[in-house]
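Examining the three-dimensional arrangement
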Amino acid sequence: MRVPISWLREYVELPPEVTARDVARELIAAGLEVETIDELGADLTGPIVVGRVLAIEELTGFKKPIRHCQVDVGNPEPQSIVCGATNFAEGDLVVVILPGGELPGGFKIGARKTYGRMSEGMICSERELGLGDGHEGILVLPPAYGAEPGQDAVELLQMRDDVLDIAITPDRGYTASIRGVARETATAFSVPFRDPAAEPPPVQAEDSYPASVADPAACARYVLREVQGLDPAAASPIWMTRRLQKCGVRSISLAVDVTNYLMLELGQPLHAWDRGKLQGPIVVRRAESGERMETLDHVERSLDPEDILITDESGPVNIAGVMGGLTTEVDEKSTDIVIEAAHFSAESIARTARRHKLHSDSSYRFERGVDPELQRKAADAAVRLLAELGGARILPGETNLRAPVEPVTITIRADHPDKVAGMTYGRDTVVRRLRDVGCEVSGDDVLTVTPPSWRPDLRDPNDLAEEVIRLEGYENIPARAPRSVAGRGLTPGQRLRRRAGRALAAAGYAEVLAYPFVSESDGDALQLPADDPRRRALRLANPLTGDEPLLRTTLLPGLFRALARNVGRGFGDVALFEIGLVYRPKFTSSGEAVPPPPRLPVDRGPTAEELAAIEAALPDQPVRVGAVLAGEHDLPGWWGAGRPANWADAIEAARIVAGEAGVELEVAADQHAPWHPGRCAALRVGDVLIGHAGELHPRVIKAFDLPPRTCAVELELTRLEPWAARVVPAPAITTYPVATQDVALIVPESVPAAEVEAALRAGVDRHGAADLLESIRLFDLYTGEQAGEGNKSLAYTLRFRAADRTLTVEETTGARDAAVAEAADRVGAVLRGG
Amino acid sequence: MSAPNKSYDPVEVTALHPDEVARVRADALAAIDAASSLEELKQVRLAHAGDRSPLALANREIGALPPHAKADAGKRVGGARRDVSEALKRRQAELEDERDQRVLVEEAVDVTLPWDRATRGARHPLTTIAERMTDVFVSMGFEIVEGPEVEAEWFNFDALNFPPAHPAREMQDTFFVESEESGLVLRTHTSPVQIRALLGRELPVYVVCAGKTFRTDELDATHSPVFHQMEGLVVDEGITMADLRGAIGAFVTGMFGEGLRTRFRPYYFPFTEPSAEVDMECFVCRGASAEPGGEPCRTCRSEGWIELGGCGMVNPRVLVACGVDPERYSGWAFGLGVERTLMFRHGVEDMHDMVEGDVRFTRAFGMEI
């Protein structure tokens, strides 16, 4: 809402020294969001005067038509001015800036020679004067303005004014009007306010244009007035067009301007019809299914049964409260006018505007609640203006349809605002402030408050408390030191997420936060099988870009894109990680999507069953951690060669994360997209699959344009949380000496190292020496001649230590032999050199 | 070797003669001084302090002396041996020092050689600043709560007093999960977590939440369709706006330092009533840039104040929708944008830097901020 200070002053007795900046500050403190102050005309310097074009000489031989004009600017001699516009004629009144003047943007005017003629000033366009976006050509003043050559145009056109631009919050619909802002301003400055809607017109017995309301819930108020004999040529007066302009509304015709002007002033949307185009009585009703109409913006719209329509015998003429139709539009020949002022259901208008994506000044106000006692006054003001400015005759009679509206009264303890604010205002202040906003108040300790008709937002005690507190000043609310509460700190899951992030960062991974939007083609790019559950993703109804309509079921595509972006920017040796949610839709046992959540009431708390029904409709959203790495893991340098990132680094990243949860991952070979089928590990704790790691499938690398041999890991962190909650038991540290036994085992190449190690452990265990085995460590892997064709040699160090004695050679040798025997048994291991 | 003999004349034993002892001592000290390496000193030690050295041999003769002569000779020889031993120790130390200085010099390296063998990792500054922000509340005894990002409309809107078709819903451009009737949205704010906390916890509730939120804004320098919010919620008996101001003051102190004022402006949120937007005094210029003649301030654009976030008293309608008795309980809520906070606290100029995952940006912030 744009609010010219000059308009505001008409209804608020502001002291002259109060500036727009002062007004803005006070309104902001009162809760009106003043976004900008436009200082119109602040950068204009006169002389800027009205001129009459006496003579025009067309100059030829230039690229565009040029006119050399003689202009009467009130001096004895006419002014000689060269002008590039052609939209004016001899005798027209124009605006001239004379030498010495300055236009917005620091454009200084002097007398100079141009196109071979002296030009002593300039004939101005609307835009040059900062008046508006006026179309091509210079501003020609309508004769109705009654301007005289030489008259100060700055004053005539009210070029200097300050305009506040106020963003209206949804609860303060009444401030979408000069009336509402003026009331707030008057309260803020404690000065008198003159209500432009103060005196409603006397009730008339007779009806005006015939109308009926079929659905009173849709339309609680419906007022029609009529005029005849409007002069179609009558132009809007300068004060009206200028105020419209300052509010960002274009002047169209007197009838339309009057409706817009009163909407801005009072907040009541009005509609004007050409009486001659209406056919028969008006009926306000909901649309029938299949009904269509063409709105003023030349769009053919198919209507919804919930849309409220204004209809006549021909069918729909308006989408009520939103936009008029083409068939009954006021045009340049209209003389008989019907004015409509109504009150429509805010919710219904909001839905209609949203449904048709048709947001008008009218729907904006109806959605936010229009004063239901304003219609008769607004319609009366409209016909009076048409009579006064357009020579129309006001027809007697007034159609006035009213559905009963339940009055709102709120009971509030007089100290309720004190309890909300945490300070003492006292009853008198509370009552005074409530009356300031227009409430009727009665009672002592308990107040009965009837909010004014223009404040449909006031429904609850806290709404009234806010009015008192804001008018008394939020800045006066004291601060009370926070009370101390017994919190339990972070949950194990929360700590695990932080620790996992820190550990990966310490290991060289940089965190990214990718968007969760993914493309339909990502499933193929990831080489996912057709029935892979990761292909079943939630789809957005309104994605930002059509090619990324899905919500991720895996973190990897986002990490791949971030990796490719870094590589593209010259960082080829890079490791990234992300911790975030993935979204896995739920399905019924028969594979159908689960039903949508129930829409629960809000006038009571939900039951456990109702909450469970909502949860059942939500997708699973586990926390995952993913990482990708490419290029050199250890960089080459003066110390020697580098080492490329490989599958083992990806598995190590998984171990780092699992280590933060205090568990060891069991690693097994797996084939799982998007990993290389021969370089992919499934990672488990016991029976629980935690995730996968390894080198990516070459086709995935190609599809995402990644560096060769890019590696990745993805874990479901949520599945590690139970272990993170565990209390780690302290180990017993023994100071008896360690006894080590080295064994080299030859096994077929296909035998995984993890199985060999498991066999060695099992052997020690069977030997009854599990307590003595401190660690097993693979220290060498050899393939070659000495291991034999198709074999590999794995060399392990077994460390033994007892808690209570020094072990004998016999004890450790026995345990080692048992381990080797078990490995021979399970995986056909042969002791090398044995 | 002579046996003890009472009639034996000690003077006859040459080795114990004072002149001889003095000579041997002088020889030893000269040799010690002359030793130029630890190896030479080792030989000198053998020759002059070893078992077969003259002084060791002389020492053995003392036992054969008559008792009256023993003390005198013992003193003489013992003194000489002590002198030799000390000289050896001193020379040993000198030679070791010389050796150490030489060897350690030889072993010197160029410590300015770069050791950039491993690439550096880092946590995302949005993660770390969100943790820092929540931890200010955790230190006041609040607990961290979480909720899903794909959320039921009832949690995201209805229970927070956004009536259907109310213009307030239009304030937050919402991503809907297909189809329109799914009843699921990408949460437009972290406030549904308030509802979850009120439904899932015993009263009183002192919680804080930080997380991803979504609105259909195109990515530009100051907007992102995916962003983060942090918000705190208190519901207890007797909670007032004064408590809210106090908590926000404590938060500002925890994040930005002591002595910064805060300012409330009336505003509208459906889930709080009364509602306010809250500004904090600029932590860089402390308002000086807005004074006449003040130096311009980039952080607050010379306004002296920085818009921090939104807050208010929990709307009793929200309490009702959560089954909480609004006659008995009241509460406050306070929320702010994590991206915005990072931008003004650290001078981040462009939202793109926070969403693209460029390692240069992330690494600059390290592990904690």
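Predicted model only: the values in this text are computed from it and were never measured.

What follows concerns the interface of chain B and chain A. If you look at the interface, chain B gives 110 residues, while chain A gives 100 residues. For the pair chain B and chain A, the summed buried area comes to about 8700 Å², and 58% of that belongs to carbon and sulfur atoms. When the buried area of chain B at its contact with chain A is split by residue, R117, W154 and P266 of chain B rank highest and sum to 8% of it. Joining chain B to chain A, the criterion identifies 14 salt bridges. Here D236 of chain B makes a salt bridge to R483 of chain A, at a shortest N to O gap of 3.7 Å.

Let's shift gears to the packing of helix α11 (residues 427–436) of chain A against helix α12 (residues 461–472) of chain A. Residues and elements named next belong to chain A. Closest axis-to-axis distance for the α11/α12 pair is 9 Å, and the angle between their directions is 95°. Our classification of the angle between α11 and α12 gives roughly perpendicular. Counted together, T429, V430, R432, R433, L434 and D436 of α11 and L464, E467, V468, L471 and E472 of α12 form the full contact between these two elements. A class-by-class count of the residues in the contact of α11 with α12 yields five nonpolar, one polar and five charged.

A separate point is the confidence of the model for chain B. On average, residues of chain B score 91 in pLDDT, and 96% of them reach the 70 mark or higher. Scored as a whole, the predicted complex attains pTM 0.88, and scored at its interfaces, ipTM 0.89.

A few words now on the UniProt feature "binding site: Mg(2+)" (unreviewed entry) in chain B. Under the UniProt annotation, "binding site: Mg(2+)" (unreviewed entry) lies at E273 of chain B. Those residues within four positions of E273 of chain B in sequence are excluded, and the remaining contacts are N462, D463 and E466 of chain A together with M313 and N315 of chain B.

Moving on, we get to the UniProt feature "domain: FDX-ACB" (unreviewed entry) in chain A. The UniProt record annotates "domain: FDX-ACB" (unreviewed entry) at residues 734–832 of chain A. Along residues 734–832 of chain A one finds 33% helix and 32% strand; the C-alpha atoms at either end are 32 Å apart.

Glancing now at the side chain of R169 of chain B. Among the structural elements, R169 of chain B can be located in helix α7 (residues 167–170). Assessed through its relative accessible area of 9%, R169 of chain B is described here as buried. In terms of polar contacts, R169 of chain B uses its side chain to reach the backbone carbonyl oxygen of P163 of chain B, at 3.3 Å. The contact partners of R169 of chain B, leaving out residues within four places of it in the chain, are R354 and R599 of chain A together with E153, F157, D158, F162, P163, P164 and T174 of chain B.

So, about a nonpolar patch on the surface. A cluster of nonpolar residues, W638 of chain A together with L113 and W115 of chain B, forms a patch on the protein surface that exposes about 360 Å² of accessible area. By secondary structure assignment, the location of W638 of chain A is in the loop between β34 (632–634) and β35 (643–644).

As a further point, take the sheet that holds strand β27 (residues 440–443) of chain A. Residues and elements named next belong to chain A. Taking strand neighbours across the sheet as the criterion, the three strands line up as β26-β28-β27 in an open arrangement whose pairing is antiparallel. Two strands in the sheet have a free side with no partner beyond their single neighbour: β26 (410–413) and β27. Mean inter-strand twist for the sheet, computed between neighbouring axes without regard to direction, equals 30°. Here β27 pairs with strand β28 (residues 446–450) via four bridges, running antiparallel. Paired with V441 across the strands is V449, a residue of β28. Sitting on the sheet, α12 touches β26 and β28, and the angle it makes with β26 is about 60°.

This next bit is on the UniProt feature "coiled-coil region" (unreviewed entry) in chain B. In the numbering used here, UniProt assigns the "coiled-coil region" (unreviewed entry) feature to residues 81–108 of chain B. The span residues 81–108 of chain B carries 93% helix and 0% strand; its end-to-end C-alpha distance comes to 40 Å.

Once that is clear, we can look at the environment of L760 of chain A. Tracing the backbone shows L760 of chain A in helix α20 (residues 753–766). Setting aside anything within four residues of it in sequence, one finds L760 of chain A in contact with L745, I776, Y796, A819, V820 and A823 of chain A.

Per the counting criterion, the structure on display carries 103 salt bridges over all chains. R569 of chain A is the salt-bridge partner of D358 of chain B, the closest N and O atoms lying 2.8 Å from each other. Of the two residues, D358 of chain B sits in the loop between α12 (351–355) and α13 (359–363) while R569 of chain A sits in the loop between α15 (556–568) and β32 (574–581), which places them in two different chains. Here D358 of chain B falls in the buried class, since its relative accessible area comes to 7%. Residue R569 of chain A is classed as partly exposed on the basis of its relative accessible area of 34%. Connected via shared salt-bridge partners are R172, E184, R455, D457, E466, E467 and R470 of chain A.

Under the criterion given, the structure shown has 25 aromatic pairs over all chains. Arranged with centres 4.6 Å apart and planes meeting at 80°, the rings of F62 of chain A and Y115 of chain A form a pair that is edge-to-face. Taken together, the positions of F62 of chain A in the loop between β3 (48–59) and β4 (66–72) and Y115 of chain A in the loop between β9 (111–114) and β10 (117–120) put the pair 53 residues apart, joining distant regions of the chain. Residue class for F62 of chain A comes out partly exposed when judged on its relative accessible area of 36%. On the basis of an interplanar angle of 35° and a centroid distance of 6.1 Å, the ring pair of F142 of chain B and W332 of chain B is categorised as tilted. Highlighted residues: F142 of chain B in the loop between α5 (125–138) and β1 (143–144) and W332 of chain B in strand β9 (residues 329–337), separated in sequence by 190 residues. Considered together, F142 of chain B and W332 of chain B belong to a single accessibility category, that of buried residues. Pairwise contacts between aromatic rings join F137, F142, Y206, F251, W332 and F334 of chain B into one cluster. Stacked on the ring of F155 of chain B, the Lys or Arg R196 of chain B has its end atom at 4.1 Å from the ring centre. Against the face of F264 of chain B rests R245 of chain B, its NZ or CZ located 5.0 Å from the ring centre.

Reading the values: the criteria
- Residues numbered from 1 in each chain as written.
- Chains lettered and ligands numbered in written order.
- Predicted model: local features only at pLDDT ≥ 70, side-chain atom pairs only at ≥ 80, totals over all residues.
- Heavy atoms only, no water.
- Contact = heavy atoms within 4.5 Å.
- Buried area = accessible area lost by both parts, 1.4 Å probe.
- Salt bridge = Lys/Arg side-chain N within 4 Å of Asp/Glu carboxyl O.
- Axes fitted to C-alpha atoms, helices over the stretch in contact; angles between N-to-C directions.
- Helix = DSSP H or I, 4+ residues; strand = E, 2+ residues; numbered from the N terminus.
- Parallel < 35°, antiparallel > 145°, perpendicular 65-115°, else oblique.
- Nonpolar A, V, L, I, M, F, W, Y, C, P; charged D, E, K, R; others polar.
- pLDDT = per-residue confidence, 0-100.
- UniProt positions renumbered as here; feature names shortened; annotations may be inferred.
- Buried < 20%, exposed > 50% of the residue type's maximum accessible area, 1.4 Å probe, protein only.
- Polar contact = N/O pair within 3.5 Å; in protein donor to acceptor, adjacent residues only side chain to side chain.
- Patch = residues over 30% accessible without salt bridge, like charges linked within 9 Å, V, L, I, M, F, W, Y side chains within 5 Å.
- Areas by Shrake-Rupley, 256 points an atom, 1.4 Å probe, with all protein chains shown as cover.
- Pairing = 2+ DSSP bridges.
- Phe/Tyr/Trp six-rings, centres within 6.5 Å; stacked < 30°, edge-to-face > 60°.
- Lys NZ or Arg CZ within 6 Å of the ring centre and 35° of its normal.

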